[in-house]
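Fold and contact review
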Amino acid sequence: MCDEANTPTLRACIDLPLRQDELLEVTAKAKDYAIMHGAAMRSKTNYSADALNFAPFVLVPSSFPRKEFEKAIALQPIINRLMHNVAHDEEFITTTLAETVKVDEFTADLFNIYKKVLANGFTQAYSVGLLRSDYLAHAFEGCAIKQVEINTIASSFGGIATHLVPLQNFVLRELGHADKLKNMPKNDALSGLCDGMVKAWDIYGKKDAVILFIIEDISYNICDQRFHEFYIREQYPHIKVVRRTLTDVHKLGKLGQCKELLLDGIEVAVIYFRAGYEPGHYHSQAEWDARYLMECSLAIKCPSIQYHLAGTKKVQQALAQPAVLERFINDPEEIKAVGKIFTGLYSLDDNDAGNSTYEMALKTPERFVLKPQREGGGNNVYGLEIPEALKKMSRVERSAWILMDLIHPPLSKGYMVRPGGDMPPTVVDMVSELGIFGVIIGDADHIVHNYQAGHMLRTKLSTANEGGVAAGLGALDSPYLI
Ligand code: ADP
Ligand code: MG
Ligand code: MG
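Residues numbered from 1 in each chain as written. Chains lettered and ligands numbered in written order. Predicted model: local features only at pLDDT ≥ 70, side-chain atom pairs only at ≥ 80, totals over all residues. Heavy atoms only, no water.

It is worth spelling out the overall build of the chain at this point. Check the secondary structure of the chain and you find 15 helices and 21 strands. Computed over the C-alpha atoms, the radius of gyration of the chain is 22 Å, within 12% of the 23 Å expected from 2.2 N^0.38 for a compact globule of 482 residues. The principal-axis extents of the C-alpha atoms in the chain amount to approximately 65 × 55 × 45 Å. Put simply, the chain has 482 residues, and 59% of those count as buried. (Helix = DSSP H or I, 4+ residues; strand = E, 2+ residues; numbered from the N terminus. Rg over C-alpha atoms; globule rule 2.2 N^0.38 Å. Buried < 20%, exposed > 50% of the residue type's maximum accessible area, 1.4 Å probe, protein only.)

The next thing to look at is the pairing of strand E17 (residues 412-417). Burial within E17 is extensive, with five of its six residues counted as buried. By the bridge criterion, two bridges tie strand E3 (residues 57-58) to E17 in an arrangement that is antiparallel. Looking across to E17, one finds that Val-58 is bridged to Met-416. Pairing between E17 and strand E18 (residues 427-442): four bridges, direction antiparallel. Within the sheet, the bridge partner assigned to Lys-413 lies in E18 and is Asp-429. (Pairing = 2+ DSSP bridges.)

Domain assignment breaks the chain into domain 1 (4-343 + 407-481) and domain 2 (344-406). Between domain 1 and domain 2, the C-alpha centre-to-centre distance is 25 Å. With 28 residues of domain 1 in contact, the opposing surface of domain 2 contributes 25 residues. Taken as a group, Lys-313, Thr-343 and Glu-466 account for 27% of the area that domain 1 buries against domain 2, more than any other trio of residues on that side. Applying the counting rule to domain 1 against domain 2 returns three salt bridges. Across the salt bridge formed by Arg-374 and Asp-104, the nearest N and O atoms sit 3.3 Å from each other. Connecting domain 1 to domain 2 are 15 residue pairs in polar contact (both at pLDDT 80 or more). If you list the elements that add at least two residues to the side of domain 1 that touches domain 2, you get helix H4 (100-103), helix H5 (105-120), strand E6 (144-151) and helix H12 (313-319). (Domains from an automatic or database assignment. Contact = heavy atoms within 4.5 Å. Buried area = accessible area lost by both parts, 1.4 Å probe. Salt bridge = Lys/Arg side-chain N within 4 Å of Asp/Glu carboxyl O. Polar contact = N/O pair within 3.5 Å; in protein donor to acceptor, adjacent residues only side chain to side chain.)

Okay, the site of ligand 1 next. The immediate surroundings of ligand 1 are formed by 21 residues, with Lys-371, Glu-375, Gly-377, Tyr-382 and Glu-433 found nearest. In this structure, an oxygen atom belonging to ligand 1 sits 2.9 Å away from a side-chain N or O atom of Glu-149. With respect to ligand 1, the backbone of Gly-377 contributes an N or O atom lying 2.7 Å from an oxygen atom. When the free accessible area of ligand 1 is taken as 540 Å², the share hidden by the protein chains comes to 95%. Looking at the shell around ligand 1, the elements with two or more residues in it are E6, strand E14 (368-372) and strand E16 (401-405). When grouped by side-chain class, the residues that make up the shell around ligand 1 number seven nonpolar, five polar and nine charged. (Near = heavy atom within 4 Å. Areas by Shrake-Rupley, 256 points an atom, 1.4 Å probe, with all protein chains shown as cover. Nonpolar A, V, L, I, M, F, W, Y, C, P; charged D, E, K, R; others polar.)

The next point concerns the sheet that holds E14. Ordered by their spatial adjacency, four strands build an open sheet running E13-E16-E14-E15, and the pairing between neighbours is antiparallel. Whereas interior strands pair on both sides, the edge strands pair on one side only; in this sheet they are strand E13 (345-347) and strand E15 (381-382). Two elements, E13 and E16, share three bridges in a ladder whose sense is antiparallel. In the strand pairing of E16, Ser-347 is matched with Ile-402. Contacts between helix H14 (residues 352-363) and the sheet are confined to E13, E14 and E16, with E13 contributing the most and set at about 120 degrees to the helix. (Axes fitted to C-alpha atoms, helices over the stretch in contact; angles between N-to-C directions.)

Distances from the magnesium ion (ligand 2) to its protein donors, Glu-149 (OE), Glu-149 (OE), Asn-151 (OD1) and Glu-375 (OE), fall at 1.9 to 2.3 Å. Linear spacing of the donor residues for the magnesium ion (ligand 2) on their chain is E-x1-N-x223-E. The distance between the magnesium ion (ligand 2) and the magnesium ion (ligand 3) comes to 3.6 Å, and Glu-149 binds to both of them. Asn-151 matches Glu-149 in its accessibility class, with the two residues each being buried. (Donors = N, O, S within 2.8 Å, 3.2 Å for Na, K, Ca; no water.)

Right, let's get into the pattern of salt bridges. Tallied over the entire structure, the rule returns 27 salt bridges. Here Glu-267 ties to Lys-206 by a salt bridge, and the two come within 2.9 Å at their closest N and O atoms. Placement of Glu-267 in strand E11 (residues 266-273) and of Lys-206 in the loop between helix H7 (189-204) and strand E7 (210-214) is noted, with a sequence separation of 61 residues between them. Classification of Lys-206 by relative accessible area gives partly exposed; the value is 35%. In this structure, the salt-bridge partner of Lys-313 is Glu-375, at a minimum N-O distance of 3.0 Å. Here Lys-313, found in helix H12, pairs with Glu-375, found in the loop between E14 and E15; they are 62 residues apart in sequence, far enough to count as distant. Across the pair, Glu-375 and Lys-313 agree in class, each one buried.

Those residues of helix H3 (residues 90-97) lying buried are Phe-92, Ile-93, Thr-96 and Leu-97. Buried residues of H3 fall within an arc of 105 degrees about the axis and therefore sit on the same side. Buried positions along H3 lie against helix H2 (66-87), H4, H5, helix H11 (305-310) and H12. (Arc of directions from axis to C-beta.)

Here it is in structure tokens:
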């Protein structure tokens, strides 16, 4: 156990607090800069399709240990390959999720699609993974990064994160700290991710086929999505991008003679899912039918159903068990390096291991976070709330969850700027979560593209359990490497 009161604070990029007049002026400028450069979102509380709010952001970049940042960057191609191999291991996915799908209806619905597609044979052998591996530095282990999770579907904020570096550069220059810019790594997330979709489009190889974005009914994170669309349209004007909901696909979609996906007659080369990762996106059987139709089609999916399942928390937990990595990675050095980023992850399956995890969680709940098979933030149970949550579940129901060691990141000090927030903002204690994007394209036998593609930093108040920006708790940030 660590003493949270003694959590170390990282050295800030510049001396804080700022003078009040200086702070007021630079914050007002930064807000306008953010809106004018698309570091923005649609408001959930005051929604209008015609208006944007700036996205919550951290005024001055938060410090992040350089060595750990570089480690995360270097690991990404290995993690990409790991996830690719996991996604193509039917036996592993099936055994790992066996207990979970008995009780978690959503995972079971995804798994059923997987099984049906497997039974018919994959129409499209290639998948494109646009992944984001998320980390917290662990303050009590020399700030070594520990993986929070890996996202294989709708890995977001690559677009806005790319535009956040110029925003914080602008702020630092306004404050007379242009000399600090050299410690902010450049961020090519947007181009890296979009180029990945375009490489998949090239593999599909039909000049009139489009890239389809699957979107929610309302896209609050519209700028991030539009950045992807506009980048593709500007850099590759011959490739059309179409945005449709799952419901639209149900109404408009059918398969052609070679199982090509046709939407109102338009052929789809690549499907990029920005929705479909939570139960609320499937309003009825129609949306599930649409997902199945797409999985059966010749279009290259980002992600394909096997990649989606490989990104579940249950699979993450299974990968962290001793000797499991050896199944997917050959190089002992790589196994060691990946093994080091895992923190304790424990099964709650209805068996001996699951039951001893249960006892451990009741005894020392303050050490853990309890996670279901969900995405998008706001689903976890933390620390002292875990026993009550677990006691409400049957032994079988617990299999839908995993238990994970809490990571204690170092603190940093800074200003969070949010729409409608305090003006001027005050210096607060914060913690940051680093996301590294990766692109991988291949089939079961070959990987044809595999690269790291930029990063994002999300920062939250140190007192908040979670820091989802879309969920309204976190703020966008970029690392200042120390
Ligand atoms: P989701 O897929 O919903 O984003 P995560 O596993 O990323 O689920 O959890 C959501 C948030 O909860 C993370 O962004 C992080 O702030 C917090 N969190 C998750 N796991 C841990 C952990 N082991 N230690 C500390 N915080 C965690
Ligand atoms: Mg996630
Ligand atoms: Mg997350």
